[in-house]
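# Topology and contacts: notes
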Amino acid sequence: MASPRAGTFTAPKIRKTTKRMIADWAGSGNDMKAAYHDSRFRRDDRPLVYAHRGSSAAMPENTCAAFELAARQRADGIECDVRLCGSGELVVCHDERLDRLAGLPFHVAELPLGELRTIPILSQRFPGTSATVPTLEEAVECAGPGLVWNLEIKVDRHEDAEGLARAVAGAIPRLPLAGRVLVSSFHPLALLTVRKVAPGIPTAWLWERGGPAQRAWAAFWGRLCATHALHPDAAMVRARDVEAWHRRGLLVNAWTVDDPAEIARLRGWGVDGVITNRPAEALQVLERA
Ligand code: G3P
Ligand code: CA
């Protein structure tokens with residue numbers, strides 16, 4: 001059975017996170033919402049196209065091959081998943097372990113970078129490729145200077161949220177990303193930590209599909225965590241929500257959308273970004289309309 005996302009809440013997690021949140025709140029920088037009106041993160045004529053894990057339908061996800069292709073396909077931005085490897089570097093990888101990506105039962109958090117660099121990612125699904133897990137720095141470098149970045153802070157365990165968020169917030173100013181990076185997470189403490197330690201970095205709250213309770217829960221955390229944008233699972237977006245979120249000064253970037261009809265519908269509802277595995281196809285839909 002798939003393990004629950006780190007953003008899935010149990011009572012102890014809720015108590016612990018809420019206490020921390022209240023303690024942090026007074027000190028956190030707050031108002032980034034002017035971002036909605038004038039920034040690299042929106043345009044007037046169509047939603048931005050974020051390549052999800054790079055151009056991941058065509059190249060191994062979250063690798064330089066996928067990021068370079070996204071740039072060549074003229075994606076506006078890249079979504080990627082950031083975590084720490086065993087030797088302490090920030091690396092780009094969605095999964096906690098390498099089973100799905102490389103057929104190996106290793107935890108990324110336990111592998112030093114030197115070993116990670118020897119493991120090809122999804123080379124069976126993409127014959128002829130030998131891409132490996134990049135560091136965050138390498139990922140940014142290989143995509144070139146033009147794109148915006150949506151760095152998802154990938155928290156596996158609640159206890160890791162703060163440390164990982166601090167590492168990401170500390171790395172961003174050392175990267176050539178000024179004005180073109182936001183951080184997102186399913187984990188509220190990760191985003192609250194970024195708000196506290198680096199209030200100038202825009203934050204986006206991520207949530208996935210669910211019933212009314214999930215919707216209410218997401219709304220609660222979204223109000224506390226997001227300075228810049230909301231990143232709902234596309235199944236959770238309704239036209240009236242987009243209007244309401246915009247009235248609060250937040251951008252809306254929906255994920256993960258590959259179906260042309262769904263992309264066109266989201267555009268009609270006014271979303272600001274679509275996060276897709278197929279950026280070239282998404283751009284075709286959006287530039288045609
Ligand atoms: O950022 C949106 C999306 O990437 C969240 O889900 O599992 O693909 O990281 P996941
Ligand atoms: Ca992600």
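Residues numbered from 1 in each chain as written. Chains lettered and ligands numbered in written order. Predicted model: local features only at pLDDT ≥ 70, side-chain atom pairs only at ≥ 80, totals over all residues.

### Overview of the overall build of the protein
Cut-off, in case you're wondering: For the purposes of this entry, the term helix denotes a DSSP run of H or I that reaches at least four residues, the term strand denotes a run of E that reaches at least two, and both are numbered from the N terminus. Residues with at least 20 other C-beta atoms within 10 Å of their own are called buried, those with 12 or fewer are called exposed, and the rest are partly exposed. The C-beta atoms themselves are positioned from the backbone.
If you tally the helices and strands in the protein, you get 11 helices and 9 strands. When the 289 residues of the protein are sorted by exposure, 45% land in the buried category.

### Here's the deal with the packing of helix 10 (residues 260-268) against helix 11 (residues 279-288)
Rule in force here: To obtain an axis, a line is fitted to C-alpha atoms, over the contacting stretch when the element is a helix, and the angle between two such axes runs from 0 to 180 degrees between their N-to-C directions. In this scheme, roughly parallel covers angles under 35 degrees and roughly antiparallel covers those over 145, while 65 to 115 is roughly perpendicular and the rest are oblique. With the far helix as reference, a near helix turned anticlockwise by less than a right angle produces a left-handed crossing, and one turned clockwise produces a right-handed crossing. By the criterion used throughout, residues are in contact when their C-beta atoms, derived from the backbone, lie within 7 Å. Residues are grouped as follows: Ala, Val, Leu, Ile, Met, Phe, Trp, Tyr, Cys and Pro are nonpolar; Asp, Glu, Lys and Arg are charged; every other residue, Gly included, is polar.
Put simply, helix 10 and helix 11 touch, their axes get as near as 10 Å, and they point 50 degrees apart. Of the possible angle classes, the one that applies to helix 10 and helix 11 is oblique. Along this stretch, helix 10 crosses helix 11, giving a crossing that reads as right-handed. Judged by residue contacts, Pro-260, Ile-263, Ala-264 and Arg-267 of helix 10 engage Glu-281, Ala-282, Val-285 and Leu-286 from helix 11. Residues of the contact of helix 10 with helix 11, tallied by class, amount to 6 nonpolar, no polar and 2 charged.

### Points about the nonpolar core
The condition is simple: What makes a nonpolar core is a set of buried Ala, Val, Leu, Ile, Met, Phe, Trp, Tyr and Cys residues, with links drawn between C-beta atoms within 7 Å.
If you look at the biggest cluster of nonpolar residues, it comprises 84 residues, and the most contacted ones within it are Ile-78, Val-168, Ala-254 and Val-274. If you tally residues by element for this core, the top one is helix 2 (residues 64-72), at 6 residues. Beyond its immediate chain neighbours, meaning those up to four positions away, Ile-78 contacts Tyr-50, Ala-51, Gly-54, Phe-67, Ala-70, Ala-143, Leu-147, Trp-149 and Asn-150.

### Things to note about the environment of Val-285
Here Val-285 lies in helix 11. Sequence separation between Val-285 and Asp-259 is 26 residues; the distance between their C-alpha atoms is 9.7 Å.

### Thoughts on the site of ligand 1
Put simply, the rule reads: To decide nearness, the C-beta atom of each residue is placed from the backbone, and the residue is near a molecule or strand if that atom lies within 6 Å of it.
If you check the shell around ligand 1, you find His-52, Glu-79, Asp-81, His-94, Glu-152, Ser-184, Leu-206, His-231, Trp-255, Thr-256 and Ile-275 and nothing else. Here the residues of the shell around ligand 1 sort into 3 nonpolar, 5 polar and 3 charged.

### Observations regarding unusual backbone geometry
Unusually for a residue other than glycine, Asn-62 sits at a positive phi of about 55 degrees. Residue placement: Asn-62 occurs in the loop between strand 1 (48-52) and helix 2. The phi dihedral of Arg-74 is positive, around 70 degrees, even though this residue is not glycine. Looking at the secondary structure, you find Arg-74 in the loop between helix 2 and strand 2 (77-84). Owing to 13 C-beta atoms within 10 Å, Arg-74 belongs among the partly exposed residues under this scheme.

### Side note on the environment of Pro-47
Relative to the helices and strands, Pro-47 resides in the loop between helix 1 (11-25) and strand 1. Taking C-alpha positions, Pro-47 is 9.3 Å from Ile-263, a pair spaced 216 residues apart along the chain. Setting aside residues up to four positions removed in sequence, Pro-47 forms contacts with Leu-266, Arg-267, Val-271, Asp-272, Gly-273, Val-274 and Leu-286.

### A closer look at the confidence of the model for the protein
The cut-off we apply is this: Confidence scores labelled pLDDT are given residue by residue by the predictor and lie between 0 and 100.
When pLDDT is averaged across the protein, the result is 91; 89% of the residues are at 70 or more. Element-level pLDDT for the protein is lowest in helix 1, with a mean of 65, against a maximum mean of 99 in strand 3 (residues 90-92). In this model residues 26-32 is a low-confidence stretch, pLDDT under 50, and it forms 11 contacts with partners more than four residues away in sequence or in other chains.

### Digging into helix 6 (residues 161-171)
Rules: Note that the arc is defined by the directions from the helix axis to the C-beta atoms.
Along helix 6, the positions that sit buried rather than exposed are Ala-161, Glu-162, Leu-164, Ala-165, Val-168 and Ala-169. Down the axis of helix 6, the buried set is contained in an arc of 165 degrees. They therefore lie on one face. On the buried face of helix 6, the contacting elements are strand 2, strand 3, strand 4 (148-153), strand 5 (181-185) and helix 7 (188-197).

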